[in-house]
Amino acid sequence: MTDQADQPVQPVATVAGLAPIARDLGPATPKPTALTEGVLEASDALWAVPGVDVGYWECTPGRFAATREGYTEVCQFLSGRVTIEVDGEEPVTFGAGDTLITPSGWRGTWDVHETVRKLYVIIDDAPAPE
């Protein structure tokens, strides 16, 4: 395959995240921002290019603090149930099939009721250094 200038063109491969609920995310480790004991998390990157990271993440029940500094995250919940609390807003409970977007600068608390698994897309929106 060549482009118009007769230069070789590399084919673009499809990235597939098949069976996301059964996917092995590797060993679970303690959540660094846990507010309760025993909160564990695991993740597995699916695809990454400069400025964008896509993968799966899972967390066991408990509470933890979260912030988004310099990046926005889009989450599609695949299983489990979590209530997200943000100062000045009503708590919202999310479960399988729900979508959450946490923009850069967001701060909140997650209260995981049942082990939750999500597909995440992280978009780096920090200004590029000059």
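The present account deals with the structure reproduced in this document.

Analysis parameters
Residues numbered from 1 in each chain as written. Predicted model: local features only at pLDDT ≥ 70, side-chain atom pairs only at ≥ 80, totals over all residues. Heavy atoms only, no water. Helix = DSSP H or I, 4+ residues; strand = E, 2+ residues; numbered from the N terminus. Rg over C-alpha atoms; globule rule 2.2 N^0.38 Å. Contact = heavy atoms within 4.5 Å. Areas by Shrake-Rupley, 256 points an atom, 1.4 Å probe, with all protein chains shown as cover. Lys, Arg positive; Asp, Glu negative; His and termini not counted. Charge placed at Lys NZ, Arg CZ, Asp CG, Glu CD. Phe/Tyr/Trp six-rings, centres within 6.5 Å; stacked < 30°, edge-to-face > 60°. Buried < 20%, exposed > 50% of the residue type's maximum accessible area, 1.4 Å probe, protein only. Lys NZ or Arg CZ within 6 Å of the ring centre and 35° of its normal. Patch = residues over 30% accessible without salt bridge, like charges linked within 9 Å, V, L, I, M, F, W, Y side chains within 5 Å. Salt bridge = Lys/Arg side-chain N within 4 Å of Asp/Glu carboxyl O. Pairing = 2+ DSSP bridges.

**Section: the overall build of the protein**
Alright, step 1. Helix and strand content of the protein: zero helices and eight strands.
Alright, step 2. Listed by position from the N terminus, the elements making up the protein come as β-β-β-β-β-β-β-β.
Alright, step 3. Relative to the globule expectation of 14 Å for 130 residues, the C-alpha radius of gyration of the protein, 18 Å, shows a markedly less compact shape.
Alright, step 4. When its C-alpha atoms are laid out on the principal axes, the protein stretches across 60 × 40 × 25 Å.
Alright, step 5. Residue pairs at least 24 apart in sequence account for 63% of intrachain contacts in the protein once pairs closer than 6 positions are excluded.
Alright, step 6. Counting every atom, the protein has about 8000 Å² of accessible surface; 55% of that belongs to carbon and sulfur.
Alright, step 7. In the protein, which carries 8 positive and 20 negative side-chain charges, the distance between the mean positions of the two groups comes to 6 Å.

**Quick look at the packing of aromatic side chains**
Alright, step 1. Under the criterion given, the structure shown has five aromatic pairs.
Alright, step 2. Summarising the aromatic geometry, the rings of W57 and W110 are spaced 5.7 Å apart at their centres and angled 75° between planes, so their arrangement reads as edge-to-face. Of the two residues, W57 is situated in strand β3 (residues 52-59) and W110 in strand β8 (residues 107-124); the sequence distance between them amounts to 53 residues. In terms of burial, W57 and W110 fall into one category: buried.
Alright, step 3. An aromatic cluster is present here, built from W57, F64, F77, F94 and W110 joined pairwise through their rings.
Alright, step 4. We note K31 situated over the ring of F64; from NZ or CZ to the ring centre the distance is 4.7 Å.

**So, a nonpolar patch on the surface**
Alright, step 1. A contiguous nonpolar patch, built from V15, W47 and V49 and spanning about 240 Å² of accessible area, is present on the exposed surface.
Alright, step 2. With respect to the secondary-structure elements, V49 resides in strand β2 (residues 40-49).

**What about the pattern of salt bridges?**
Two side chains that carry opposite charge are able to pair once their charged atoms sit near each other.
Alright, step 1. The tally for this structure, following the rule as stated, stands at nine salt bridges.
Alright, step 2. Residue E69 is joined to R107 by a salt bridge in which the shortest nitrogen-to-oxygen separation is 3.1 Å. Here R107 lies in strand β8 and E69 lies in the loop between β4 (62-67) and β5 (71-85), a separation of 38 residues in the sequence.
Alright, step 3. Residue classification places E69 among the partly exposed positions, given a relative accessible area of 46%.
Alright, step 4. Because the salt bridges share partners, they merge into one network encompassing R63, E85 and D111.

**Some points on the pairing of strand β6 (residues 92-95)**
The side chains of a regular strand alternate between the sheet's two faces.
Alright, step 1. Where β5 meets β6, four bridges bridge the pair, whose relative direction is antiparallel. Residue V82 lies in a different strand from β6, and its bridge partner there is F94.
Alright, step 2. Between β5 and β6, which pair antiparallel one after the other, the connecting turn spans six residues, and G88 there sits at a positive phi close to 85°.

**Examining the side chain of R68**
Alright, step 1. Within the secondary structure layout, R68 lies in the loop between β4 and β5.
Alright, step 2. Excluding residues within four positions of it along the chain, R68 makes contact with E73, T102, P103, S104, G105, W106, W110 and K118.

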